[in-house]
Amino acid sequence: MTSAQQPVPARPTSRDVARAAGVSQATVSLVLGGKWPGRVSETTAQRVRDTAAELGYRPNLAARSLRLGSTRTALLVVPALTNEFFARVYAGAAALAAEHDFGVVLYPSPDGTGPARDPFASARAALDGVIASSMAADALGALHGADLPLVMLDSDPSDTGPAAHVNLDIADGMRQVTDHLLGLGHRRFLHLASAVDTWTFAVRARALHDALGAAGDATVRTVRAPLDVGAGREAAEQALAVAGERPTAIVCDDDILAAGACKAARRLGLRVPDELSVTGFDDLALATALEPELTTVRLPAEQVGERGMEALLAVLDGRPVEPGGLPVDLVVRGSTAPPPAARA
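The chain carries the name LacI family DNA-binding transcriptional regulator in an unreviewed UniProt entry, which gives Streptomyces durocortorensis as its organism.

What follows is the structure, given as structure tokens:
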């Protein structure tokens, strides 16, 4: 070595992170591998992540992939997996990825929406591409500048930033709901809308208002609520208690809000569907746990994950991405019926 040469700093290891954070290497592995919930406290997990960031530690996913017989990794960015829909999206993506020697690393936003913590000190060194839900788009800030191919799920197709889009025919789903309710005779509607400002919920609102506007004699009022049963119940209860002609149908942006609407109706002494029809969107397991069971729009979550992984593989291979949105279907159950006046 000449006097002009400087030694290359040693790359930090998981042992260095463990020592600095005061935990075992196994704990570091659990935390940085996303397998810590239920095994490590949130405080300890945050300390490990902070220590790894301070040391500039980067998980060696290439070495891990060699051990697993795989050389490529995709990052799936979704809201917290407490939402069944996104757990099914992951299952679909992971199943297809496994057929192509790909691993899928989950990057869930801790609060369901909004920014998540940076999963790796250097995404460029660890990943081959990213698949992201529009509902967790804020989390992509941590990957800014990583120059990775990005496939967006359920997002604005006019956005030219991503390499590809995979969308459901959300507008058609809302049209199916509206046509069903109009066909039953409903003309006074309440839209229990998500308070989350994303493309998918904007499309639902626009499709609903367009369809009701075309009916000519229908009215709709909109109230917003966070995606939570309690918040949905409170918003619906307040809206139904307003003086004047009560809506005969509540169109909800998802099944969770619909569960809240059904609770609101029960508290106000309104029978579903005899006095009030309620619809959801997603067809979660919750839809058939309600009584009466919920009329809702079934979204093929596993296919969304599969199509997202297919799109990423196509982008990486330089192939065209399959065009077109995934179809959705209205599932009519017991929560909808003609309004009281139509049955009189």
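A. Representation of the pattern of salt bridges. Under the counting rule described, the total for this entry stands at 13 salt bridges. Between arginine 19 and aspartate 16 there is a salt bridge, with its nearest N and O atoms 3.3 Å apart. Of this pair, arginine 19 and aspartate 16 both sit in helix α1 (residues 14–21), separated by three residues, roughly a single helical turn. With relative accessibility at 57%, the residue arginine 19 sits in the exposed group. Of the charged contacts, one joins aspartate 283 and arginine 298 as a salt bridge, the two residues approaching to 2.7 Å between their closest N and O atoms.

B. Structural view of the environment of valine 278. The residue valine 278 is located in strand β9 (residues 277–279) in this model. Between the C-alpha atoms of valine 278 and threonine 248, which are 30 residues apart in sequence, the distance is 8.8 Å.

C. Up close: the pairing of strand β7 (residues 219–225). By the bridge criterion, seven bridges tie strand β6 (residues 188–194) to β7 in an arrangement that is parallel. If you follow leucine 192 over to β7, its bridge partner there is valine 223. After leaving β6, the chain enters helix α8 (residues 199–215) and then returns to the sheet as β7, a path that is right-handed.

D. Layout of the packing of aromatic side chains. Taken as a whole and judged by the stated rule, the model has one aromatic pair. Judged by centre distance (5.2 Å) and plane angle (90°), the rings of phenylalanine 85 and phenylalanine 86 are edge-to-face. When sorted by exposure, phenylalanine 85 lands in the same class as phenylalanine 86, which is buried.

E. Looking closely at the environment of alanine 314. Examined against the element boundaries, alanine 314 turns out to sit in helix α12 (residues 301–317). Separated by 150 residues in sequence, alanine 314 and alanine 164 place their C-alpha atoms 9.4 Å apart. The contact partners of alanine 314, leaving out residues within four places of it in the chain, are Arg319, Pro320 and Val321.

F. Region of interest: the nonpolar core. Counting residues in each nonpolar core, the largest one holds 46 residues, and the members touching the most others are Phe85, Val151, Leu153, Leu168, Phe189, Leu299 and Met309. Built from parts of two domains, this core gets at least three residues from each of domain 2 (71–168 + 302–324) and domain 3 (170–299 + 330–342). Judged by nonpolar contacts, the second largest core, of 25 residues, contains Leu192, Ala258, Leu270 and Leu276.

G. Region of interest: unusual backbone geometry. Here the amide bond leading from valine 272 into proline 273 is cis, since omega sits at 5°, within 30 degrees of zero. With respect to the helices, strands and loops of the structure, proline 273 is situated in the loop between α10 (255–267) and β9. Positive phi values are uncommon outside glycine, yet aspartate 101 reaches one of about 55°. The residue aspartate 101 is located in the loop between α5 (84–99) and β2 (102–108) in this model. Residue class for aspartate 101 comes out partly exposed when judged on its relative accessible area of 48%. Look at aspartate 282: it is not a glycine, yet its phi comes out positive at around 130°.

About the thresholds
Residues numbered from 1 in each chain as written. Predicted model: local features only at pLDDT ≥ 70, side-chain atom pairs only at ≥ 80, totals over all residues. Heavy atoms only, no water. Salt bridge = Lys/Arg side-chain N within 4 Å of Asp/Glu carboxyl O. Helix = DSSP H or I, 4+ residues; strand = E, 2+ residues; numbered from the N terminus. Buried < 20%, exposed > 50% of the residue type's maximum accessible area, 1.4 Å probe, protein only. Pairing = 2+ DSSP bridges. Right-handed = clockwise from strand over helix to strand, strands pointing away. Phe/Tyr/Trp six-rings, centres within 6.5 Å; stacked < 30°, edge-to-face > 60°. Contact = heavy atoms within 4.5 Å. Core = buried A, V, L, I, M, F, W, Y, C linked by side-chain atoms within 4.5 Å. Domains from an automatic or database assignment.

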